[in-house]
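Given next are the chains, with one letter for each unit.
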Amino acid sequence: MLIRIKRGWELPESAATPEEVFRNRRRIIKAAAAGPIVLGASGLLAACGEDEQVASEAAPETGGAISSAQASEVDPSAGLYPFKRNLRYKIVGEPTPEEIATTYNNYYEFGSSKNIWRKAQALPIRPWTVAIDGLVEKPFEIGIDDLLAKMPLQERLYRHRCVEAWSMAVPWSGFPLKALVELAKPLASAKYVKLVSFHNPEVASGQSAPWYPWPYVEGVTIEEASHDLAFLVTGMYGKPGPKQNGAPLRIALPWKYGFKSSKGLVRFEFTDQRPVSFWEEIQPREYGFWANVNPEVSHPRWSQAMETDIATQQKVPTVLYNGYGEEVADLYTGLEGEKLFM
Ligand code: MTE
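Residues numbered from 1 in each chain as written. Predicted model: local features only at pLDDT ≥ 70, side-chain atom pairs only at ≥ 80, totals over all residues. Heavy atoms only, no water.

(A) Up close: the side chain of Ser113. Locating Ser113 in the fold gives a position in the loop between α4 (98–101) and α5 (117–120). Within the structure, the side chain of Ser113 is placed 2.7 Å from the backbone nitrogen of Asn115, a separation counted as a polar contact. (Helix = DSSP H or I, 4+ residues; strand = E, 2+ residues; numbered from the N terminus. Polar contact = N/O pair within 3.5 Å; in protein donor to acceptor, adjacent residues only side chain to side chain.)

(B) Inspection of the site of the ligand at higher detail. Among the 18 residues in the neighbourhood of the ligand, the closest are listed as Tyr108, Glu109, His160, Arg250 and Lys263. The backbone of Asn106 places a nitrogen or oxygen atom 3.3 Å from an oxygen atom of the ligand. Residue Ser197 places a side-chain N or O atom 3.4 Å away from a nitrogen atom belonging to the ligand. Here the ligand loses 100% of its free accessible area of 530 Å² to cover by the protein chains. With respect to the detected pockets, the ligand is housed in the largest cavity. In the shell around the ligand, the residues fall into 7 nonpolar, 8 polar and 3 charged. (Near = heavy atom within 4 Å. Areas by Shrake-Rupley, 256 points an atom, 1.4 Å probe, with all protein chains shown as cover. 1 Å grid on protein atoms, 1.4 Å probe; cavity = no way out; pocket = protein on both sides within 12 Å on 5 of 7 lines; lining within 4 Å. Sits in = over half its atoms within 2 Å of the grid points. Nonpolar A, V, L, I, M, F, W, Y, C, P; charged D, E, K, R; others polar.)

(C) Up close: helix α7 (residues 177–184). Residues Leu177, Ala179, Leu180, Val181 and Ala184 constitute the buried set of α7. Lys185 sits one or two positions beyond α7 and adopts a positive phi of about 50 degrees. (Buried < 20%, exposed > 50% of the residue type's maximum accessible area, 1.4 Å probe, protein only.)

(D) Representation of the packing of aromatic side chains in the model. Enumeration according to the criterion identifies 23 aromatic pairs in this entry. Where Tyr104 meets Trp166, the ring centres are 5.2 Å apart and the plane angle is 80 degrees; that geometry is what we call edge-to-face. In this pair, Tyr104 is assigned in the loop between α4 and α5 and Trp166 in strand β4 (residues 166–176), connecting sequence segments 62 residues apart. Between Trp211 and Tyr212 the ring centres are 6.0 Å apart and the planes differ by 45 degrees, which places this aromatic pair in the tilted class. According to the relative accessible area criterion, Tyr212 is buried, its value standing at 8%. (Phe/Tyr/Trp six-rings, centres within 6.5 Å; stacked < 30°, edge-to-face > 60°.)

These results come straight from atomic positions and should not be treated as a statement about function.
Right, here's the structure in full:
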């Protein structure tokens, strides 16, 4: 008898987005836009559903279809899409509707509201050069389209869980980070990859806020970077990625809180020093280097036990490593002394 063991990341059928959600998408986008928001002056990420939260901008009347169209107008890679889906990472259930995933965003370079998608259109995404340097055989720079031409392009449907306790399921297009690591030829002394996002205050109004340590920086260990799940994203929903979701290059680390999934990447620095991330520098009591999803480890200001599915607005239990534990738990053996879950 063939017994099919469900993989940890598979969503139950009941989590599929119901038909009604599609019919009422404007209402849902508005509800979502009024949800978690960030505190202006202190600039910290906030929990889903905190009472004082208000959306600082009106909810968009049009959704991701328009924003994606804008993205493909300026994106010469549009003809490459859609990429073939890698079924190894297909979760059961439907992706979050595109209109929601592309209009409910965190991208502090363009402000601390969830409605930054219009502002993000100001970011020029061609030419876009990516630097690969630090502890590598030979540092180099490569244009995004030349990079795309070298990489094993594919689509992966991943769960996406924000530290603010909301979640989505997104069909990302891109290529495994491990392919870029191979291209980089790191030296044996490289222990971490530092991910650096763009810095352009002329177009990114949020980067004028002096209390943030721009540019946005994140980091992973070389083992995490070489794990097959770590995915560099160039598109979503079978098209080039909209700017508000991190075009032309972001990362998706689905077993970690969403703040590790940096957008607008311009540099991969291989280093022997553990990078201090953007949020960790702002508030080390609340955000650390590892940031693996764990329902049993609360954020200092809210519980992580449950999450709100941003499409259905239903609360569902959060799963250890966001459901990818079978794949990634081994990365963390011997690190018990570390704060792995913040
Ligand atoms: N990357 C940059 N450069 N700037 C940011 O503010 N926000 C992070 C992450 N990547 C952020 C970023 C956070 S907190 C989350 S939850 C995700 O992006 C949100 O990704 P999404 O808008 O595509 O859902």
